[in-house]
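Here is what each chain is made of, one letter per residue.
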Amino acid sequence: MSLALKNTLFRFGGPSPALAGLVCLSLAHAAAAQDQSEAPPPKVSIAAAYTEEITEEAVFIGRAEALDKADIVARVSGFLESQNVEDGALVKRGDVLFTIEPDLYEATLQSRNADLDRAEANLELAKVDLARKEELYRRDATPESERDIARANELVAEAEVKAAKAAIQQAELDLSYTKIHAPFDGRIGRVAISVGDVVGPTNPPLVNIVSEAPIYVNFSINEKQFTTVLEAVGENASSLAESNKSPNVHVTLPNGSELDETGKIVFVDNRIDPLTGAIRMRAEFPNENRLIIDGAFLSVQIEALEPTLEVLVPQAALQRDQRGEFVLVVNDQQMVEQRYITTGDNEGTAVIVKDGLREGESVIVEGLQRVRPGVAVDAVVASEQPGE
């Protein structure tokens, strides 16, 4: 205890308990302030803001759609004689998928051929009769009505020949329909019937078939984004799908992996949906590995044509309060500054900074809870620097 303090205490007749307590409290605060002033600055880890060329993307939900898909329905009735493909098989255009008993239709075709022979014979007879009646009419040996009847009989015979030929064509078609062919290259689904079943045009489809490569992905973008794309490529809505300047399109598969193929826009709708404010578009992908399946939901990304140089910082440096997002910057004097920033999209573990930060400025990524704006810090560079 200092001499001045002792003199003060004795001046008031000795140290009272209350005064002694006040003195001790003052001494404790003074000691704490001295310890605090002598404490080393807190250690923090920092990372430098860096720049990188970023190709900005717009992401949408899309749905895959096969270029061709069809339900295979029997066009004639009969017993199913054979099934020539397995469920889920890949087929080529023209491959025979099923055979319906052809015997009935072969017999019908033979009958129609016989009808044609009969009609042609009747036509020859009608021609001979007409020639005889015309000769007799010239000799005034038969009335005009007989000649007219013979001429009408010839016309009827000609019509019967035409009808017989048409019936033959129909019979040939029906016979050809007993073999059901694949209409295009694709993969068939589950076969819904068995050999021996009676099938026909009124029965459910035998199977469905879809083409797999190439394949469409349909999606919609809002009118603002669509206008931005048109301005970027210098095209209009009608020519965008035909232009070589069309932006690249990528998709993310349902398992989260990105398809290693680039699509192109092949269709743009002619109007914006007034209910959603979006316009429908379609991209085509080669789908060589058949990873896009008809009906699948996918994430679609449209790239901007030119990459832009952007400032990025680790997401770990980002904080938020009522005013918005901010970072803690360590300046050249090792002092902490609070800096509000405007952010863009995430890029991996980093975030794009649109405004408020320059390349090379250091932001705190570890030790944020130990510091506040205006204090000095002992800054060390983080072990893993982004952008390297």
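Here, the structure is the one placed above.
Since we're looking at a predicted model, the values are computed, not measured.

Peer 1: Mind showing me how you'd approach the sheet that holds strand β7 (residues 96–100) here?
Peer 2: Within a sheet, adjacent strands bond to each other through the backbone by hydrogen bonds, running parallel or antiparallel. On the basis of which strands lie adjacent, the open sheet formed by four strands has the order β8-β7-β5-β10 and antiparallel pairing. The strands lining the two open edges of the sheet, one partner per strand, are β8 (179–181) and β10 (198–199). The pairing of strand β5 (residues 78–83) with β10 spans two bridges and is classified as antiparallel. Following the sheet pairing, G78 is matched in β10 by V199.

Peer 1: Hey, could you run me through the sheet that holds strand β11 (residues 207–210) in this one?
Peer 2: One open sheet accounts for four strands, arranged β4-β11-β9-β6; its pairing is antiparallel. In this open sheet, the two edge strands, each paired with only one partner strand, are β4 (69–72) and β6 (90–91). In this sheet, β11 lies alongside strand β9 (residues 186–188) in antiparallel orientation, the contact comprising two bridges. Paired with I188 across the strands is I209, a residue of β11.

Peer 1: Would you mind showing me how to read a negative patch on the surface here?
Peer 2: A surface patch of negative charge is lined by E52, E53, D345 and E347. Contributions of two or more residues to the negative patch are made by β2 (50–54) and β21 (342–347).

Peer 1: What am I meant to see in the packing of aromatic side chains here?
Peer 2: Aromatic ring pairs are defined here through the distance separating the ring centres and the angle between the ring planes. In this structure the tally under the stated criterion is two aromatic pairs. Here F60 and F219 contribute two aromatic rings whose centre-to-centre distance is 6.0 Å and whose plane-to-plane angle is 20°, an arrangement assigned as stacked. Pair noted here: F60 is in strand β3 (residues 57–66) and F219 is in strand β12 (residues 215–222), with a separation of 159 residues, a long-range link. Take F60 and F219: they sit in the same class, and that class is buried. Taking NZ or CZ as reference, R282 lies 4.5 Å from the ring centre of Y216, over its face. In this structure, R323 is placed above the aromatic ring of Y340, and the distance from its NZ or CZ to the ring centre is 3.9 Å.

Rules behind the numbers
Residues numbered from 1 in each chain as written. Predicted model: local features only at pLDDT ≥ 70, side-chain atom pairs only at ≥ 80, totals over all residues. Heavy atoms only, no water. Pairing = 2+ DSSP bridges. Helix = DSSP H or I, 4+ residues; strand = E, 2+ residues; numbered from the N terminus. Patch = residues over 30% accessible without salt bridge, like charges linked within 9 Å, V, L, I, M, F, W, Y side chains within 5 Å. Areas by Shrake-Rupley, 256 points an atom, 1.4 Å probe, with all protein chains shown as cover. Salt bridge = Lys/Arg side-chain N within 4 Å of Asp/Glu carboxyl O. Lys, Arg positive; Asp, Glu negative; His and termini not counted. Charge placed at Lys NZ, Arg CZ, Asp CG, Glu CD. Phe/Tyr/Trp six-rings, centres within 6.5 Å; stacked < 30°, edge-to-face > 60°. Buried < 20%, exposed > 50% of the residue type's maximum accessible area, 1.4 Å probe, protein only. Lys NZ or Arg CZ within 6 Å of the ring centre and 35° of its normal.

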